[in-house]
Amino acid sequence: MSAKRATISQIAKKTGYSSATVSRVLSNSSYPVNVQTRNEILSAAQSMNYVPNAIGRMLKQSVSKDIGIIIPNVSNPFYTELVLGAERGANKRGYSILLCNSMRNEETEQKYLRTLCEKQVGGILLSSVAASGDYLIPYISRGIKIIDIDASNPEGIDFNRRESAKRLVEHLISLGHRRIAFASSPLTIESRRLLFEGYKDALTALSIDVDESLIFISEDESETGSGAYEFRNGRDIATQIAALTKLPHAVFAVNDMTAIGIIQKLSELSVRVPEDISVAGFDNIETASMVTPSLTTADQRAYEAGFHAVNMLIDDIEEVPQRTPPFSVTPSFIERSSTAQRRG
């Protein structure tokens, strides 16, 4: 009797790489994976008796000129800018985009993924709200080209969120703030978890205890027809902050829309920004410079990221030898009027 065949998940567990990376290597995808990683995965696959399933592999046909894009909601200007960049990049190379809003719902996201695959789009850009990317494995194994924009990948799109968050919180500390609150929607996706880690990194590096009473993480998230979840969530968190016996010195929010919601609600509750509390966001959406006070935030270069991501996807679709180079955001922040030196 032959030895039991290994699965992609088992190989991922043994090698320490993500299931998506293992799947790309074993399906011989042209998605960039460095030589050492590829060799380690292939070696592990051979030693574990992995045999790829040929059933369901896509036959090479004429390449569709449609690109599917699935995002949580276009109402968040970060995703609007990202999609605009992707659309420009796609159009320059003769492709069109099909935009889908998952409305922050994992089932809706998966439904759109199935629909786009049924339409035989050339490839898919995805900003996933799923807790795990494992559900993508069967699609990638079948040769469907998918780039998850929010999955950390130094060889693809790397927003450097953890380091950017760390530097922004360190800036708040440099202004004399020690009681720094963290405001977020649920930590169900990697991008938010990385921001939380960056927040804690900054405090730990300067020997400041992480105060659990200053961590505001919502328990659930859901969109209404207006699609303004982040803004509403910021307002809800601001209400909780204002009810504290002792206000924090500053608040770090996981995105600009949450930060703007916090600022607006604090103003309604007669808590002044930045005189009473400094507030910082994350993303540097265009609106951040338009609100009053203008928002201190970390620049995530969404438009450029979308442009690069779609070009990398099209390179993968067309299997071009000279690929678009990886895109990496240099950790930086933009200081505006919502943060100030601590008084007293």
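My aim in this report is to walk through the structure given alongside it, one point at a time. Please read all numbers here as calculations on a predicted model, not as lab measurements.

With 14 residues, helix α9 (residues 229-242) should reach 20 Å at 1.5 Å per residue; the first-to-last C-alpha distance of 20 Å fits that figure. Three or more residues of α9 are buried, namely Tyr229, Glu230, Asn233, Gly234, Ile237, Ala238 and Ile241. Where α9 is buried, its residues touch β6 (180-184), β7 (215-217), β8 (250-253) and α10 (256-268).

Should their charged atoms come close, side chains of opposite charge can pair. Tallied over the entire structure, the rule returns 17 salt bridges. For the salt bridge of Glu197 with Arg162, the shortest nitrogen-to-oxygen distance reads 3.8 Å. Pair noted here: Glu197 is in helix α8 (residues 190-205) and Arg162 is in helix α7 (residues 161-174), with a separation of 35 residues, a long-range link. Classification of Glu197 as partly exposed rests on a relative accessible area of 27%. The salt bridge partner of Arg192 is Glu221, with a shortest N-O separation of 2.8 Å. Of this pair, Arg192 sits in helix α8 while Glu221 sits in the loop between β7 and α9, placing them 29 residues apart in sequence. For the pair Arg192 and Glu221, one class covers both residues: buried.

Before going further, it helps to spend a moment on unusual backbone geometry. It is generally the case that most residues other than glycine have a negative phi and that most peptide bonds are trans. Of note, the amide linkage connecting Val273 to Pro274 takes the cis form, showing an omega dihedral of 10°. Its location among the elements puts Pro274 in the loop between α10 and β9 (278-280). The step from Thr292 to Pro293 runs through a cis peptide bond, and the omega angle for that step is -5°. The backbone of Asn160 shows a phi angle near 50°, a positive value even though the residue is not glycine. Among the structural elements, Asn160 can be located in the loop between β5 (157-158) and α7. Backbone geometry places Ser207, a non-glycine residue, at a positive phi of 55°. Considering the arrangement of structural elements, one finds Ser207 in the loop between α8 and β7.

Now for the sheet that holds β8. Here four strands make up an open sheet; going across it, the order is β7-β6-β8-β9 and the pairing parallel. For this open sheet the edge positions go to β7 and β9, each flanked by a neighbour on one side alone. Looking at each pair of strands side by side, their axes are set apart by 15° on average, direction ignored. Sheet topology places β8 next to β9; three bridges connect them, and they run parallel. Bridge assignment links Ala250 to a residue of β9, and that residue is Ser278.

Turning next to the sheet that holds strand β3 (residues 123-126). A sheet is described by the order of its strands in space; here four strands give the open sequence β2-β1-β3-β4, paired in parallel fashion. On the outer flanks of this sheet lie β2 (96-101) and β4 (146-148), each paired with one strand and no other. In this sheet, neighbouring strand axes are inclined to one another by 15° on average, regardless of whether the strands run parallel or antiparallel. Two strands pair when backbone bridges link them, and strand β1 (residues 66-71) and β2 are joined in this way by six bridges, in the parallel orientation. Looking at β2, one finds that Asp66 is bridged to Ser96.

Definitions and cut-offs
Residues numbered from 1 in each chain as written. Predicted model: local features only at pLDDT ≥ 70, side-chain atom pairs only at ≥ 80, totals over all residues. Heavy atoms only, no water. Helix = DSSP H or I, 4+ residues; strand = E, 2+ residues; numbered from the N terminus. Expected span 1.5 Å × (residues − 1). Buried < 20%, exposed > 50% of the residue type's maximum accessible area, 1.4 Å probe, protein only. Contact = heavy atoms within 4.5 Å. Salt bridge = Lys/Arg side-chain N within 4 Å of Asp/Glu carboxyl O. Pairing = 2+ DSSP bridges. Axes fitted to C-alpha atoms, helices over the stretch in contact; angles between N-to-C directions.

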